[in-house]
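Below, each chain spelled out in residue letters.
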Amino acid sequence: MAGSVGNFIEWYEFGVYGYFATIIATHFFTPEGGSDVEGLIKTYASFALAFFFRPVGAALFGRVGDRIGRRPTLILVICLMTVATTLIGVLPTYATIGAAAPWLLTLLRILQGLSAGGEFGGAVSLMTEFAPPGRRGTYGAWQSFTVALGLLGGAGMAALLATALSEDRLNDWGWRVPFLLTLPLGLVALWLRLRLDETPAFAAATGGRSVPVRPPVGETVRAIALGAGRVMGWSAAGYTFLVVLPSYLQSSLNATFQEALIATVLANLGFAASILPAGMASDRIGRRTVMVAGAALVAVLALPLLNLVQDPGAPALAKGAALFGAGAAVGLMAGPGPAMLAEMFPTTVRYTGLGLAYSLSNAVFSGCAGLIITEVVKRTGDVDIPAYYAAATCAVSVLALLTLRGDDHKKALR
């Protein structure tokens, strides 16, 4: 719980930002005379910018975490995330302070990006280093599972507000509520992390030395690049189907806000349902088998599934099953993914290495997903772009994942 609670908050907020992207665009990025699509693109640009600061946060906090420990670094990270997210809930809009509003929002997004970059590497290091032998896949899967819980929590809150409030009230002040709720969530997370002990693996690896012994830089850089390739399909397909979908359905297929949220909830339910079983299966049959299966399924089925969702004559049940299945396929990659990354790096660079591999992949393939998809659909008019994007990135991931050894999951952490 202490390891994954920060991840829940992070993805709850990132989900909320994605679900309310059209409203945020109106308040912060669409001055009088600007088009809605232009404002949405600027909103996703701010979204992407935060992702590009995640590798910076991974490097900064990773170095601290590999030097002084997982516990104090994760405490610092959760404080930064909580403050930045809560402030978005009280930020004045463009109508109130003019051009300063989008800049202030972008600054807070940057702070969120820094803290999110430091969160993943530390939390996965913590959970896999505490995991009993043969259970790293299961323990690490909780990090991915809280991604699903966070996105579902954000979707649930957005749906609740959309149902309870009139459209005018939702647009006026209701969108702020999910951001303000981060404050009590962050205080709970802080309390849990203050009760943590340092991991035995980190204590043993440092052995009381002020500067831990690290592997050659070249070896670590190669592992980071390979790790990013292995999870790029997870990053791209995950954000395409789980976060970008609401705005895509509204802007490209003229769906209502409620319809878009229902679609996203179904995809996230499929994602959540497969993560823990995938993590447990990877402890028995290996990370490679499970992750390659997930990436290959997305590569092959992304276009047929999206075409089914686009078909106005298709039964609602079939559309729901397609969305659930798409999320489940992503979950096959996300379940074993954290343990797979942790096993690629020795303890003295694990926080930094796996954090950078994950955040670099997310910066390029998740953070840019909304921006790329919205802009390309706008320019080409091709509403199949999300499927092409998810399928292409997963195809590359299949190739990278095939370099995994089948027995990596059985070896002790270095």
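Everything that follows concerns the structure shown earlier in this document.
This report concerns the structure included in the present document. (Residues numbered from 1 in each chain as written. Predicted model: local features only at pLDDT ≥ 70, side-chain atom pairs only at ≥ 80, totals over all residues. Heavy atoms only, no water.)

## A few points about the overall build of the chain
Reasoning step 1: Secondary structure summary: the chain contains 20 helices and 0 strands in total.
Reasoning step 2: Taken over the C-alpha trace, the chain has a radius of gyration of 20 Å; the compact-globule value for 414 residues is 22 Å, and the two agree within 12%.
Reasoning step 3: In the chain, which comprises 414 residues, the share counted as buried stands at 59%.
Reasoning step 4: As displayed, the chain offers around 15,500 Å² of accessible surface, 69% of which is attributable to carbon and sulfur atoms.
Reasoning step 5: Positive and negative charge centroids in the chain, built from 28 and 23 side chains respectively, lie 12 Å apart. (Helix = DSSP H or I, 4+ residues; strand = E, 2+ residues; numbered from the N terminus. Rg over C-alpha atoms; globule rule 2.2 N^0.38 Å. Buried < 20%, exposed > 50% of the residue type's maximum accessible area, 1.4 Å probe, protein only. Areas by Shrake-Rupley, 256 points an atom, 1.4 Å probe, with all protein chains shown as cover. Lys, Arg positive; Asp, Glu negative; His and termini not counted. Charge placed at Lys NZ, Arg CZ, Asp CG, Glu CD.)

## With respect to the environment of V330
Reasoning step 1: With respect to the helices and strands, V330 occurs in helix α16 (residues 316–334).
Reasoning step 2: Residues V330 and S235 lie 95 residues apart in sequence; the distance between their C-alpha atoms is 8.9 Å.
Reasoning step 3: Excluding residues that lie within four positions of it along the chain, V330 makes contacts with W234, A237, G238, F241, F271 and V298. (Contact = heavy atoms within 4.5 Å.)

## Observations regarding the packing of aromatic side chains
Reasoning step 1: Within the structure shown, the criterion is met by 7 aromatic pairs.
Reasoning step 2: When the centroid spacing of 5.4 Å and the interplanar angle of 55° are considered together, the rings of W11 and Y239 count as tilted. In this pair, W11 is assigned in helix α1 (residues 5–19) and Y239 in helix α13 (residues 217–253), connecting sequence segments 228 residues apart.
Reasoning step 3: On the accessibility criterion, Y239 (2% relative accessible area) is buried.
Reasoning step 4: Relative to Y358, the ring of F120 has its centre 3.6 Å away and its plane inclined at 10°; by these criteria the two rings are stacked. Taken together, the positions of F120 in helix α7 (residues 100–130) and Y358 in helix α18 (residues 347–365) put the pair 238 residues apart, joining distant regions of the chain. Taken individually, F120 and Y358 each receive the classification buried, so the pair is uniform in this respect. (Phe/Tyr/Trp six-rings, centres within 6.5 Å; stacked < 30°, edge-to-face > 60°.)

## Description of a nonpolar patch on the surface
Reasoning step 1: Nonpolar side chains collect at one region of the surface, where V83, L87, V90 and L180 lie side by side and expose about 330 Å² of accessible area between them.
Reasoning step 2: Looking at the secondary structure, you find L87 in helix α5 (residues 70–88).
Reasoning step 3: Judged by its relative accessible area of 39%, L87 is partly exposed. (Patch = residues over 30% accessible without salt bridge, like charges linked within 9 Å, V, L, I, M, F, W, Y side chains within 5 Å. Salt bridge = Lys/Arg side-chain N within 4 Å of Asp/Glu carboxyl O.)

## Details of α18
Reasoning step 1: With 19 residues, α18 should cover 27 Å at 1.5 Å per step; its first-to-last C-alpha distance of 27 Å lies within 8% of that length.
Reasoning step 2: For α18, the buried fraction is high: 16 of the 19 residues fall into the buried class. (Expected span 1.5 Å × (residues − 1).)

## With respect to the pattern of salt bridges
Reasoning step 1: In this structure the tally under the stated criterion is 12 salt bridges.
Reasoning step 2: Put simply, E129 and R70 hold a salt bridge, and the shortest N to O gap is 2.6 Å. Placement of the pair is E129 in helix α7 and R70 in helix α5, with a sequence separation of 59 residues. R70 matches E129 in its accessibility class, with the two residues each being buried.
Reasoning step 3: Here R136 makes a salt bridge to E343, at a shortest N to O gap of 3.0 Å. Of this pair, R136 sits in helix α8 (residues 136–164) while E343 sits in the loop between α17 (337–342) and α18; the two residues are 207 residues apart in sequence, bridging distant segments of the chain. One exposure class covers both R136 and E343, and it is buried.
Reasoning step 4: Here the salt bridges share partners, and the residues they tie into one network are D66, R70, E129 and R350.

## Notes on the side chain of T199
Reasoning step 1: Tracing the sequence through the fold places T199 in the loop between α11 (182–194) and α12 (200–206).
Reasoning step 2: According to the relative accessible area criterion, T199 is buried, its value standing at 0%.
Reasoning step 3: Reaching out from T199, the side chain makes a polar contact with the side chain of E129 at a distance of 2.6 Å.
Reasoning step 4: Apart from residues lying up to four places away in sequence, T199 is in contact with R70, L126, E129 and F130. (Polar contact = N/O pair within 3.5 Å; in protein donor to acceptor, adjacent residues only side chain to side chain.)

## With respect to helix α19 (residues 369–380)
Reasoning step 1: A rise of 1.5 Å per residue sets the reference length of α19, with its 12 residues, at 16 Å; its end C-alpha atoms lie 16 Å apart and thus fit the reference within 8%.
Reasoning step 2: When α19 is considered as a whole, its buried residues turn out to be A369, G370, I373, T374, E375 and V377.
Reasoning step 3: Among the residues trailing α19, G381 stands out with phi positive, at a value near 75°.

## Examining the side chain of S282
Reasoning step 1: Along the chain, S282 falls in helix α14 (residues 257–285).
Reasoning step 2: At 2.7 Å, the side chain of S282 forms a polar contact with the backbone oxygen of G279.
Reasoning step 3: When neighbours within four sequence positions are excluded, S282 is seen to be in contact with G137, R287, V290, P336 and H409.

## Describing the packing of α5 against α18
Reasoning step 1: Following both chains from N to C, one finds α5 and α18 inclined at 20°, their axes separated by 12 Å at the closest point. Here α18 runs roughly parallel to α5, going by the angle between their axes. The crossing of α5 and α18 is right-handed. Taking contact as the criterion, the partners of R70, T73, L74 and V77 in α5 are, on α18, T347, R350 and Y351.
Reasoning step 2: Its residues placed into classes, the contact of α5 with α18 shows 3 nonpolar, 2 polar and 2 charged. (Axes fitted to C-alpha atoms, helices over the stretch in contact; angles between N-to-C directions. Parallel < 35°, antiparallel > 145°, perpendicular 65-115°, else oblique. Left-handed = near helix turned anticlockwise from the far one by under 90°. Nonpolar A, V, L, I, M, F, W, Y, C, P; charged D, E, K, R; others polar.)

## Describing the packing of helix α4 (residues 54–68) against α18
Each pair of packed helices can be described by the angle between their axes along with the distance between the axes.
Reasoning step 1: Across the interface, α4 lies against α18 with an axial gap of 8 Å and an inter-helix angle of 170°. Taken together, the axes of α4 and α18 are roughly antiparallel relative to one another. Mapping the contact onto sequence places R54, P55, A58, A59, F61, G62, R63, G65 and D66 in α4 and T347, T348, V349, R350, Y351, T352, G355, L356, Y358, S359, L360 and A363 in α18.
Reasoning step 2: Across the contact of α4 with α18, the residue classes break down as 10 nonpolar, 7 polar and 4 charged.

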